[in-house]
Amino acid sequence: MKSILMSAVCGLALTGTALAQDVTLKASHQWPGGKGDVRDEMVQMIGKEIAAANVGLAMQVFPGESLFKAKDQWGAVTKGQVDITAFPLDYASGRHPEFSATLMPGLVGSHERATRLNDSPFMDEIKKSIDEAGAMVLSDAWLAGGFVSSKNCITTPESAKGQTLRAAGPAFEEMLVGAGASIASMPSSEIYTGIQQNVLDGANTSSGSLVSYRIYEVAKCLTAPGENALWFMYEPILMSKRSFDRLNEEQQKALLAAGQKAEDYFAGEAKKLDGELIEVYKKAGVEVTEMSKENYDAWLKIAKETSYKNFAEKVPNGQKLIDDALAVQ
């Protein structure tokens, strides 16, 4: 049965119905396509897997904000205007404040702990909120990240004082303000231009974005994640529940299996991203350093006095979310 093209103001993303066998899904994300970014590769892998399953599914991928702007993808996927997105969940914390817990300074700390968090009561609560909003998780992904600066290396809180920095979400913004930095909010896709145009002195973002957006071309120093990774962010592959529910059972099973394969692939690549980050920045002539445990603890002290405190006070069940995450050993 041929797919039925449906359109609205933005266009209905999913073509066909649950009875149709030929369905083309639309996937959107903010990262460069075909340039080795692991999040793009996860989405592309899902597309290849569902096509190979021969259940009447195909996928069209729109990378680089070519379909929706970075932060608009949350509304698009929950409303069914796009079927699949790779999305930094904290970008939606303005609508869902609890999502700030997925980019809380020092709350994750390592790739191993991030993996354990995926099957914890902490993530059960986060995924419950995702579900209630109209989306579902196809693949879990936590990315480590670091700091870059066009002025000086950001290691201690004092080294950030006086710099205008970009942070991915409110928890990091509150911590940086507590250290004496100024904030300029923007998605990671705009960091390069921000530094180039002197709107920013530096930023923190994921290892993947620090490479794929070529930020090494405008940076003087990189503080890599290392053994004391202050920055970890949850960036899952999400699917619209409306879109998923329109599929038949075979198609749904194929998508879930493809999502698991993409998640497994990411688990093998996550640590490699940090090593690639260091290699690329050194090759570009950027100074590379790491945060010592002493400096990490100094940042964490500020975070607990600012972002942790505010999150616990202002977000329903905020303290419980923090406690549930910290309980994962």
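Above this note sits the structure.
Conventions used here
- Residues numbered from 1 in each chain as written.
- Predicted model: local features only at pLDDT ≥ 70, side-chain atom pairs only at ≥ 80, totals over all residues.
- Heavy atoms only, no water.
- Helix = DSSP H or I, 4+ residues; strand = E, 2+ residues; numbered from the N terminus.
- Polar contact = N/O pair within 3.5 Å; in protein donor to acceptor, adjacent residues only side chain to side chain.
- Contact = heavy atoms within 4.5 Å.
- Pairing = 2+ DSSP bridges.
- Axes fitted to C-alpha atoms, helices over the stretch in contact; angles between N-to-C directions.
- 1 Å grid on protein atoms, 1.4 Å probe; cavity = no way out; pocket = protein on both sides within 12 Å on 5 of 7 lines; lining within 4 Å.
- Points joined across faces, edges and corners; volume = space filled by probe spheres on them.
- Nonpolar A, V, L, I, M, F, W, Y, C, P; charged D, E, K, R; others polar.
- Buried < 20%, exposed > 50% of the residue type's maximum accessible area, 1.4 Å probe, protein only.
- Arc of directions from axis to C-beta.
- Phe/Tyr/Trp six-rings, centres within 6.5 Å; stacked < 30°, edge-to-face > 60°.
- Expected span 1.5 Å × (residues − 1).
- Bend = angle between axes of the 7 residues up to and from the residue.
- Parallel < 35°, antiparallel > 145°, perpendicular 65-115°, else oblique.
- Salt bridge = Lys/Arg side-chain N within 4 Å of Asp/Glu carboxyl O.

## Looking at the side chain of Ser-189
Relative to the helices and strands, Ser-189 resides in the loop between β7 (182-183) and α7 (191-196). A distance of 3.0 Å separates the side chain of Ser-189 from the side chain of Glu-65, its partner in a polar contact. If sequence neighbours within four positions are ignored, Ser-189 has contacts with Gln-30, Glu-65 and Tyr-213.

## A few points about the sheet that holds strand β3 (residues 84-86)
Reading across the sheet, the five strands line up as β2-β1-β3-β11-β4 and stay open at both edges, with mixed pairing between neighbours. What marks the edges here is a single partner per strand, and that holds for β2 (57-62) and β4 (135-139). For this sheet, the mean angle separating the axes of adjacent strands, direction not counted, is 30°. Note: β4 against strand β11 (residues 237-240), four bridges, orientation antiparallel.

## Focus on the environment of Leu-273
Within the secondary structure, Leu-273 is located in helix α10 (residues 249-283). For the pair Leu-273 and Ala-229, spaced 44 residues apart in sequence, the C-alpha to C-alpha distance is 13 Å. What Leu-273 contacts, discounting residues up to four positions off in sequence, is Val-38, Leu-143, Ser-207 and Phe-266.

## A look at empty space enclosed by the protein
A full pass over the atoms with the stated rule returns two cavities of 30 Å³ or more. Put simply, the largest cavity is a space of about 50 Å³. Among the elements of the structure, β5 (142-149) and β9 (221-224) are those that each provide at least two residues to the lining of the largest cavity. It is β5 that provides the largest number of residues to the lining of the largest cavity, a total of three residues. The residue makeup of the lining of the largest cavity, split by class, is seven nonpolar, four polar and no charged. A volume near 30 Å³ is recorded for the second largest cavity.

## A closer look at helix α13 (residues 318-326)
Residues of α13 that are buried: Gly-318, Leu-321, Ile-322, Asp-324 and Ala-325. Seen from one end, α13 has its buried residues packed into an arc of 165°, which puts them on one side. Check the buried side of α13 and you find it contacts α3 (111-117), α4 (121-133) and α12 (307-314).

## Thoughts on the packing of aromatic side chains
By the definition in use, this model includes seven aromatic pairs. Between Trp-74 and Phe-87, the ring centres sit 5.9 Å apart and the planes meet at 25°, which makes this aromatic pair stacked. You can see Trp-74 sitting in helix α2 (residues 73-79) and its partner Phe-87 sitting in the loop between β3 and α3, a full 13 residues away along the chain. Residue classification places Trp-74 among the buried residues on the basis of a relative accessible area of 2%.

## Notes on α10
Here α10 spans 49 Å end to end across 35 residues, near enough to the 51 Å set by a 1.5 Å rise per residue. Bending of α10 peaks at approximately 35° at the position of Glu-269. Where α10 begins, the side chain of Asn-248 points an oxygen toward the backbone nitrogen of Glu-250, at a separation of 3.2 Å. Phi turns positive one or two residues past the end of α10, at Gly-285, with a value near 85°.

## Comments concerning the packing of helix α6 (residues 170-178) against helix α11 (residues 293-305)
Across the interface, α6 lies against α11 with an axial gap of 9 Å and an inter-helix angle of 110°. When the interaxial angle is binned, α6 and α11 end up roughly perpendicular. Residue-level inspection shows Met-175, Leu-176 and Gly-178 of α6 in contact with α11, the latter providing Trp-299, Ile-302 and Ala-303.

## Quick notes on the pattern of salt bridges
The tally for this structure, following the rule as stated, stands at 14 salt bridges. Residues Glu-269 and Lys-272 are paired through a salt bridge, measuring 3.3 Å at the closest nitrogen-oxygen approach. Placement of both Glu-269 and Lys-272 in helix α10 is noted, with a separation of three residues, approximately one turn of the helix. A residue is classified by how much of its surface remains accessible, and Lys-272, at 52% relative accessible area, is exposed. Note that Glu-305 is salt-bridged to Lys-301, the shortest N-O span being 2.9 Å. Residue Glu-305 and its partner Lys-301 are located together in helix α11, separated by four residues, close to a single helical turn. Given the relative accessible area of 54%, Lys-301 is considered exposed.

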